[in-house]
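# Structural overview for review
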Amino acid sequence: MLEPSHNDELPPIPGKRYFTIGEVSELCAVKPHVLRYWEQEFPQINPVKRRGNRRYYQRQDVLMIRHIRALLYEQGFTIGGARLRLSGDEAKEDTTQYRQLIRQTIAELEDVLQVLRK
């Protein structure tokens, strides 16, 4: 099992549209078999499946996986508890945090874009 770490220790998410399971595994510090298991347990994780049943995750999937990872590894939730947290009344609070994270990510990406344009 991987050592738990905080989100700020995870690598930044590149500005790509799709990510392979290997890339998501590295971005979220979670092994591929764990990602496949979480897909079955959490309906919020829904990668696009292409030829040969290959999974392609989008940015919102990566953010959701990081959130689930934090619930399980850092906050000590069980799978069932994390699922309830994501779908229950507290999901509204999580959605607010999720939106803040998205806004922060957009701001960071805009900063990167400005640097690249120079």
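Shown above is the structure to which this text applies.
None of the values given here were measured: they were computed from a predicted structure. (Residues numbered from 1 in each chain as written. Predicted model: local features only at pLDDT ≥ 70, side-chain atom pairs only at ≥ 80, totals over all residues. Heavy atoms only, no water.)

Along the backbone of the protein there are five helices and two strands. Its helices and strands in sequence order give the protein the pattern α-α-β-β-α-α-α, from N to C terminus. The burial tally for the protein puts 33% of its 118 residues in the buried class. Taking as baseline every contact in the protein between residues at least 6 positions apart, the subset at least 24 positions apart corresponds to 56%. Of the roughly 8000 Å² that the protein leaves accessible, carbon and sulfur atoms contribute 51%. (Helix = DSSP H or I, 4+ residues; strand = E, 2+ residues; numbered from the N terminus. Buried < 20%, exposed > 50% of the residue type's maximum accessible area, 1.4 Å probe, protein only. Contact = heavy atoms within 4.5 Å. Areas by Shrake-Rupley, 256 points an atom, 1.4 Å probe, with all protein chains shown as cover.)

Take the environment of Leu 72 next. Looking at the secondary structure, you find Leu 72 in helix 3 (residues 59–74). With a relative accessible area of 13%, Leu 72 lands in the buried category. Spatially, the C-alpha atoms of Leu 72 and Ala 82 are 6.8 Å apart, while their sequence positions differ by ten residues. Those residues in contact with Leu 72, other than ones at most four positions away along the chain, are Trp 38, Phe 77, Thr 78, Ile 79 and Ala 82.

A separate point is the pattern of salt bridges. By the definition in use, this model includes four salt bridges. Here Glu 23 makes a salt bridge to Lys 16, at a shortest N to O gap of 2.6 Å. On the basis of relative accessible area, Glu 23 is assigned to the partly exposed category, the value being 28%. Here Lys 16 falls in the partly exposed class, since its relative accessible area comes to 38%. (Salt bridge = Lys/Arg side-chain N within 4 Å of Asp/Glu carboxyl O.)

So, about unusual backbone geometry. Even without glycine at this site, Ala 29 takes up a positive phi of about 55°. Positionally, Ala 29 belongs in the loop between helix 1 (21–28) and helix 2 (32–41). Residue classification places Ala 29 among the partly exposed residues on the basis of a relative accessible area of 22%. A positive phi angle, near 60°, is found at Asn 53, a position not held by glycine. Note on placement: Asn 53 falls in the loop between strand 1 (48–50) and strand 2 (54–56).

Looking at the element boundaries, Val 48 is found in strand 1. The class of Val 48 is partly exposed, set by a relative accessible area of 25%. Separated by 29 residues in sequence, Val 48 and Phe 19 have C-alpha atoms that sit 10.0 Å apart. Excluding anything up to four places from it in sequence, Val 48 contacts Tyr 18, Arg 54, Arg 55, Tyr 56 and Gln 58.

Time to look at helix 4 (residues 79–87). Considered for burial, the residues of helix 4 that qualify are Ala 82, Arg 85 and Leu 86. The buried side chains of helix 4 occupy one side of the element, clustering within an arc of 95° when seen end-on. Those residues of helix 4 that are exposed and angled more than 90 degrees off the buried face are Leu 84 and Ser 87. (Arc of directions from axis to C-beta.)

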